[in-house]
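Each chain, written out:
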Amino acid sequence: MSPDPAGVLHPSEFAGRLRERLPELATLARIDIGSLMAKDSSDLTPADWRTIAFAIQDREADYDGFVVVHGTDTMAYSASAVAFLLPALSKPVVFTGSQRPLEEPRSDARINLVDAVTVAAMAIPEVAVCMNSVLLRGARCRKRSTTAYTAFESPNFPPLARLGVTIDRSPEILPPRRAPGDPVPPPYPLEAKVCVLFLTPATRVVEIEAHGRLGTRGLLLLAFGSGNVPVGRGVAEALRALDVPVVVLSQCFEGPVDLALYPGGRTLLEAGAIDGGDMTREAGLTKLMVGLGRGLAGEALRRYIEESVAGERTSR
């Protein structure tokens, strides 16, 4: 991003400046640079996630790893989506960005890019986010701050690596999910008509019912605590009447959903809701989009959501 005369940040041509501003990248790896799109990350859509995934899939045999330079606002969504769109990944895909633009003296872009290229040249076959010298699993991270260089955290999972004087790798890094030489399956389609319902004490049944008129194909419900909802206000009944898959996650930053723990959660189970475990809301949303895009329904969709596809949730 670059500021206009009023100080408002806008997307700018990045690839052409990269070699000039960061010549040290050439000492880390042989790098090709290309531009897929120049957008504020808040303008990205599910179609753009597929564009990123297809670009990686088409070039997967040509490179040892990939770095995706991305705005921080929706990076966790994109990283989660690409992890589900490329389930047979065998090489590193490292998302990175910065809290301050590359042109600014105190920008964190330089170290983030150096770290990301370093990781992309290592045998870490995951979609990950590298910021502030910490590598996080892409489908496990969330943006936590608009001002700190520690912009991302992984609330229910430790970092994959820490980059200091040495690089400390986690034993939790996933193994390659495809044997060398095996074909790369194309990225799945996505169902974009998936909505998020953030439950509050003031949520009315009519707000849930509105999703039926909107043509919602799937719903991510952010419930209280460990998956609790009000009993006696018709919430579970309204969700059942929608007749669409409902994945339940917690509004809390840490900890899993347990729908069997309270009466409200049990009403959701009886209504057919799917326990989202300890997934982030970004992972839960994009995984539901991919599952529906694959044509999964009923028990097949439930199994897909409840299994760990890209390390996004703790196994039950």
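So, how was this worked out
- Residues numbered from 1 in each chain as written.
- Predicted model: local features only at pLDDT ≥ 70, side-chain atom pairs only at ≥ 80, totals over all residues.
- Heavy atoms only, no water.
- Pairing = 2+ DSSP bridges.
- Helix = DSSP H or I, 4+ residues; strand = E, 2+ residues; numbered from the N terminus.
- Contact = heavy atoms within 4.5 Å.
- Axes fitted to C-alpha atoms, helices over the stretch in contact; angles between N-to-C directions.
- Buried < 20%, exposed > 50% of the residue type's maximum accessible area, 1.4 Å probe, protein only.
- Parallel < 35°, antiparallel > 145°, perpendicular 65-115°, else oblique.
- Left-handed = near helix turned anticlockwise from the far one by under 90°.
- Nonpolar A, V, L, I, M, F, W, Y, C, P; charged D, E, K, R; others polar.
- Arc of directions from axis to C-beta.

(A) Spotlight on the sheet that holds strand 12 (residues 218-223). The sheet built from four strands is open, its strands ordered 11-12-13-14 with parallel pairing. Strand pairing shows two members of the sheet lacking a second neighbour, strand 11 (194-198) and strand 14 (274-275), which therefore form its edges. By the bridge criterion, two bridges tie strand 13 (residues 246-250) to strand 14 in an arrangement that is parallel. Its bridge partner being in strand 14, Val-248 is matched across the sheet by Asp-275. Contacts from helix 8 (residues 281-293) reach strand 11, strand 12 and strand 13, with the element oriented near 160° to strand 12.

(B) Spotlight on the pairing of strand 5 (residues 127-131). Most of strand 5 is tucked away, with five of its five residues classed as buried. As judged from the three bridges shared by strand 4 (residues 93-96) and strand 5, these two strands associate in the parallel manner. Its bridge partner lying in strand 5, Phe-95 is registered against Val-129. The sheet contact formed by strand 5 and strand 6 (residues 134-137) spans four bridges and is antiparallel. What sits directly across from Cys-130, in strand 6, is Leu-135.

(C) Structural view of the packing of helix 3 (residues 75-85) against helix 8. In the contact formed by helix 3 and helix 8, the axes pass within 9 Å of each other and the chain directions differ by 40°. Here helix 3 lies oblique to helix 8, going by the angle between them. The two elements helix 3 and helix 8 cross, and the hand of that crossing is right-handed. Along the contact surface, helix 3 presents Ala-76, Tyr-77, Ser-80, Ala-81, Phe-84 and Leu-85, while helix 8 presents Glu-282, Ala-283, Leu-285, Thr-286, Lys-287 and Val-290. Broken down by class, the residue content of the contact of helix 3 with helix 8 amounts to eight nonpolar, two polar and two charged.

(D) A look at helix 7 (residues 263-270). Those residues of helix 7 not exposed but buried are Gly-264, Gly-265, Thr-267 and Leu-268. Around the axis of helix 7, the buried residues are gathered within 155° of arc, so they sit on the same side. Of the residues in helix 7, the exposed ones pointing more than 90 degrees away from the buried face are Pro-263 and Glu-270. Where helix 7 ends, the next residue or the one after it, Gly-272, has phi of about 95°, a positive value.

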